[in-house]
Every structure is written in C-alpha cells, then in structure tokens.
Amino acid sequence: MQRKNAIAAGVALIIGWSSLVQAGEVSGMVTARGARNSANVVVFVEQAEGPFPVPSEHARMDQKGLKFNPHVLPVLVGTTVDYLNSDNVMHNVFTSSEAAEKFNLGTWPQGEFRPFTFKKQGTAVMLCNVHPEMEAWVVVLQNPYFALTDESGAYTIKNVPAGTYTLKLWHEKLKKYEPQTVEVQNTGKAVVDFTLTK
Ligand SMILES: [Cu+2]
C-alpha cells in the first residue's frame, strides 16, 4: 500500500513537472510605421489564467546620462522596480499616472535607488522634475507573457502555456494595429507578425 502511494506520488510529480516544462513560444516581427525604428514595442498576452507569482527579483530602471534606461519597461503587476541613480547629479523621479499612484520618489544620490511596487495594471509615464526631457514608460501587465521588440521589430515570448490567447501591443506613440489570436501548443512555436501605425 505504501509502495503504491509512493508510485502514485511519483507519477503525480512527473505529470506536474511535464505540465511545467511543456510550454510553447510565440515570436514574430512588429513593423512600426511612423517611429524611428521598431524597438520598444511591448507585445503581450492580454489575459491568461493565473495566479502568477510576483518575481522576487526586482526590475530596475536606471537614470544614467540624463536618460531613463530602459526607455520602456514591461512588468508583471506586483513587481517592484528599483529606480537607480547612476548620475552624479540629482534627479527627481515622479509620475502623473494613476497606474503608479502618481508617485513622487524625491531625490537621492548617485549609486542609490528608491523602490516602487506597481500594484495596478496600466501604463505609467516616468518623468523627472529636474530634467524635463527625461521620459520613460512602465507597462504593468496581468501576466508574465510579454516581450519587448528590438530595433528590427523582432520579439520572442517564451514559456507560454498551451492555450488560445489574444496578443496585443503597446507603443508610446503608435496605437493602431489589429490584435491577434494565437493558439499555443505545448513545445510548439507560433509566429505572429504585426503592423503598427499612428
Ligand atoms: Cu533628471
């Protein structure tokens, strides 16, 4: 009897493990018309079945050379972002966006950071009181299945569980595109391309 239980537990473990490792991949190209290049487009699964554990590792948005880096940062809702100051000047990071609870983090010296935890879905513009030309975006998403395009427009979303999803885009300026339905198979690779315009 005990042995039977052990075997059953082993089988359950294997099934559990295989459902974890069997996930597909979605990749493709976004052609952005009306932007300098096709970079910094967030490609994301609109809705997926959770819950999703919040990553214990914080995301980071650097202030370096009087710029935010990265310029666009997609995160899972609940993620904490550390705002690092790498410059030898003071910045004053704040936002007017509801998704970031209109925070004002104040100023802090070089080499130090201030954290903020994003608890609401949505997009939040990052601004600096000292340098009006500084601007960046945090895109807070329902699930961890998202990716950012490179300059060529290429993106890859890894480890997507099998299922049918709606894929959407976010770009700071370009808003027109057709959302796409994608069917992801276990260990499969789906290719989805987009055209994005003003
Ligand atoms: Cu600044």
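Calculation rules
- Residues numbered from 1 in each chain as written.
- Predicted model: local features only at pLDDT ≥ 70, side-chain atom pairs only at ≥ 80, totals over all residues.
- Heavy atoms only, no water.
- Helix = DSSP H or I, 4+ residues; strand = E, 2+ residues; numbered from the N terminus.
- Buried < 20%, exposed > 50% of the residue type's maximum accessible area, 1.4 Å probe, protein only.
- Contact = heavy atoms within 4.5 Å.
- Areas by Shrake-Rupley, 256 points an atom, 1.4 Å probe, with all protein chains shown as cover.
- Core = buried A, V, L, I, M, F, W, Y, C linked by side-chain atoms within 4.5 Å.
- Donors = N, O, S within 2.8 Å, 3.2 Å for Na, K, Ca; no water.
- Tetrahedral: all angles 85-135°; square planar, octahedral: opposite > 155°, others 65-115°.
- Polar contact = N/O pair within 3.5 Å; in protein donor to acceptor, adjacent residues only side chain to side chain.

As recorded in an unreviewed UniProt entry, the protein chain goes by the name Blue (type 1) copper domain-containing protein, listed as coming from Candidatus Glassbacteria bacterium RIFCSPLOWO2_12_FULL_58_11.

Peer 1: Would you take a moment to explain the overall build of the protein chain for this structure?
Peer 2: Tallying secondary structure elements over the protein chain gives one helix and 17 strands in all. Burial status across the protein chain gives 41% buried among its 198 residues. Long-range pairs, those at least 24 residues apart, make up 62% of the contacts in the protein chain between residues at least 6 apart in sequence. Accessible surface, the protein chain: about 11,200 Å² in total, of which carbon and sulfur atoms supply 52%.

Peer 1: Could you clarify how one ought to interpret the nonpolar core in this entry?
Peer 2: Nonpolar side chains in soluble globular proteins tend to be buried together. Counting residues in each nonpolar core, the largest one holds 25 residues, and the members touching the most others are Val26, Tyr155, Ile157, Leu167 and Phe194. When residues of this core are traced back to their parent elements, those giving at least two are β1 (23-32), β2 (42-45), β13 (154-161), β14 (163-170), β15 (180-184) and β17 (194-196). Beyond its immediate chain neighbours, meaning those up to four positions away, leucine 167 contacts Val26, Val43, Phe44, Val45, Tyr155, Ile157, Pro179, Gln180, Val182, Val192 and Phe194. Counting 22 residues, the second-largest nonpolar core is a separate cluster that includes Leu73, Val75, Cys128 and Val138.

Peer 1: Any chance you could explain the coordination of the copper ion here in plain terms?
Peer 2: For a metal bound by four donors in tetrahedral geometry, the ideal donor-metal-donor angle is 109.5 degrees, whereas six donors in octahedral geometry ideally sit at 90 or 180 degrees. Bound to the copper ion are the protein donor atoms His91 (ND1), Cys128 (SG), His131 (ND1) and Met134 (SD), situated 2.0 to 2.7 Å from the metal. One can describe the donor arrangement at the copper ion as tetrahedral, given that its four donor atoms subtend angles of 90 to 131° at the metal. Written as a sequence motif, the donor arrangement for the copper ion is H-x36-C-x2-H-x2-M. Its relative accessible area of 5% is what places cysteine 128 among the buried residues. Under the relative-accessibility criterion, methionine 134 is labelled buried at 2%.

Peer 1: Explain the side chain of serine 38 here, please?
Peer 2: Mapped onto the elements of the fold, serine 38 is located in the loop between β1 and β2. Classification of serine 38 as buried rests on a relative accessible area of 9%. A polar side-chain atom of serine 38 sits 3.4 Å from the main-chain carbonyl oxygen of valine 30. The residues contacting serine 38, other than those within four sequence positions of it, are Val30, Thr31, Ala32, Thr149, Asp150, Glu151, Ser152 and Gly153.

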